[in-house]
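Chains, contacts and geometry: an overview
The residues making up each chain are set out below.
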Amino acid sequence: MKLSEIKKHLNQLETIEFKLPNGDLVPRHFHVTEVGKVSKIFIDCGGTLRQESLINFQLWEADDYDHRLHPEKLLSIINLSEEKLGLRDVDIEVEYQSDTIGKYFLGFENGSFLLQSTKTACLALDSCGIPSQKPKLKLSEIQSQTSNCCTPESGCC
């Protein structure tokens, strides 16, 4: 989800709800402790220089059970961040603490923001030598390719 999309959704909501990939809800007393601009420059395993830009939201929950972040308050935080950080309309990444800090993509469905699992991947599959898909072989083909080294007449046993 891009910044413009979350702003559009927030303008139509009365409450904010985030769902984890397992369906559990982030407790309603969460805080958005930071909105950040993240730029990453790196070289992939194929030697290609790459650049990535994201907007980062950090969700945090405290023992402040009476606290509720309303859509208009989050919109004001986003607007201030756009002004002060010069945010562009790029993808949002959400950090949330569970066993460790998890990083999630952001989706939206039925009035809820969805924290969607992220995964690592090789960005240079064409040059790193790892096949994109395992070859599929039939067991009968494998058996016909083996030599008869372990038959009684082969003398190898």
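Look a little higher up for the structure.
Let me begin by describing the structure that accompanies this report. The model shown is predicted, which means the values in this text are computed figures rather than measured ones.

**Digging into the overall build of the chain**
- Scanning the chain for helices and strands turns up four helices and six strands.
- Ordered by position from N to C terminus, the α and β elements of the chain give α-β-β-β-α-β-β-β-α-α.
- Relative to its 157 residues, the chain shows a buried fraction of 29%.
- Long-range contacts, defined here as pairs at least 24 residues apart, represent 63% of the contacts in the chain between residues at least 6 apart.

**Comments concerning the side chain of His29**
- For His29, the position within the fold is in the loop between strand S1 (18-19) and strand S2 (30-43).
- The residues touching His29, leaving out its near neighbours within four places in the chain, are Glu61, Ala62, Asp64, Tyr65, His67 and Arg68.

**Description of empty space enclosed by the protein**
- Taken as a whole and assessed by the stated rule, the structure comprises one cavity of 30 Å³ or more.
- As a volume, the largest cavity reaches approximately 30 Å³.
- Lining the largest cavity are Ile16, Glu17, Phe18, Leu25, Val26, Arg28 and Phe30.
- Grouping the constituent residues of the lining of the largest cavity by class yields five nonpolar, no polar and two charged.

**What to know about the state of the cysteines**
- Taken as a whole and judged by the stated rule, the model has zero disulfides.
- A disulfide-free cysteine, Cys45 has its sulfur positioned 3.5 Å from the sulfur of Cys122, the nearest such atom.
- Residue classification places Cys45 among the exposed positions, given a relative accessible area of 58%.
- The class for Cys122 is partly exposed, based on a relative accessible area of 28%.

**Let's talk about the environment of Leu10**
- Summarising the element assignment, Leu10 is placed in helix H1 (residues 3-10).
- For the pair Leu10 and His70, spaced 60 residues apart in sequence, the C-alpha to C-alpha distance is 8.9 Å.
- Other than its neighbours up to four places away in sequence, Leu10 contacts Ile16, Pro71, Leu74, Leu75, Ile78 and Phe113.

**Quick notes on the layout of surface pockets**
- Reported here for the largest pocket is a volume of approximately 470 Å³.
- If you go around the largest pocket, you meet 13 residues; those closest to its centre are Lys40, Glu52, Leu54, Glu93 and Lys119.
- For the lining of the largest pocket, the elements supplying multiple residues, two or more each, are S2, strand S3 (49-61) and strand S5 (101-109).
- Among the elements that line the lining of the largest pocket, the one with the most residues is S2, at three residues.

**With respect to the packing of H1 against helix H2 (residues 71-85)**
- Direction vectors running N to C along H1 and H2 enclose 150°, while the axes themselves pass 9 Å from each other. Here H1 lies roughly antiparallel to H2, going by the angle between them. In the crossing of H1 with H2, the sense of the turn from one axis to the other is left-handed. Here Leu3, Ile6, Lys7 and Leu10 of H1 lie close against H2, whose contacting residues are Pro71, Leu74, Leu75, Ile78, Asn79 and Glu82.

Parameters and conventions
Residues numbered from 1 in each chain as written. Predicted model: local features only at pLDDT ≥ 70, side-chain atom pairs only at ≥ 80, totals over all residues. Heavy atoms only, no water. Helix = DSSP H or I, 4+ residues; strand = E, 2+ residues; numbered from the N terminus. Buried < 20%, exposed > 50% of the residue type's maximum accessible area, 1.4 Å probe, protein only. Contact = heavy atoms within 4.5 Å. 1 Å grid on protein atoms, 1.4 Å probe; cavity = no way out; pocket = protein on both sides within 12 Å on 5 of 7 lines; lining within 4 Å. Points joined across faces, edges and corners; volume = space filled by probe spheres on them. Nonpolar A, V, L, I, M, F, W, Y, C, P; charged D, E, K, R; others polar. Disulfide = S-S within 2.5 Å. Axes fitted to C-alpha atoms, helices over the stretch in contact; angles between N-to-C directions. Parallel < 35°, antiparallel > 145°, perpendicular 65-115°, else oblique. Left-handed = near helix turned anticlockwise from the far one by under 90°.

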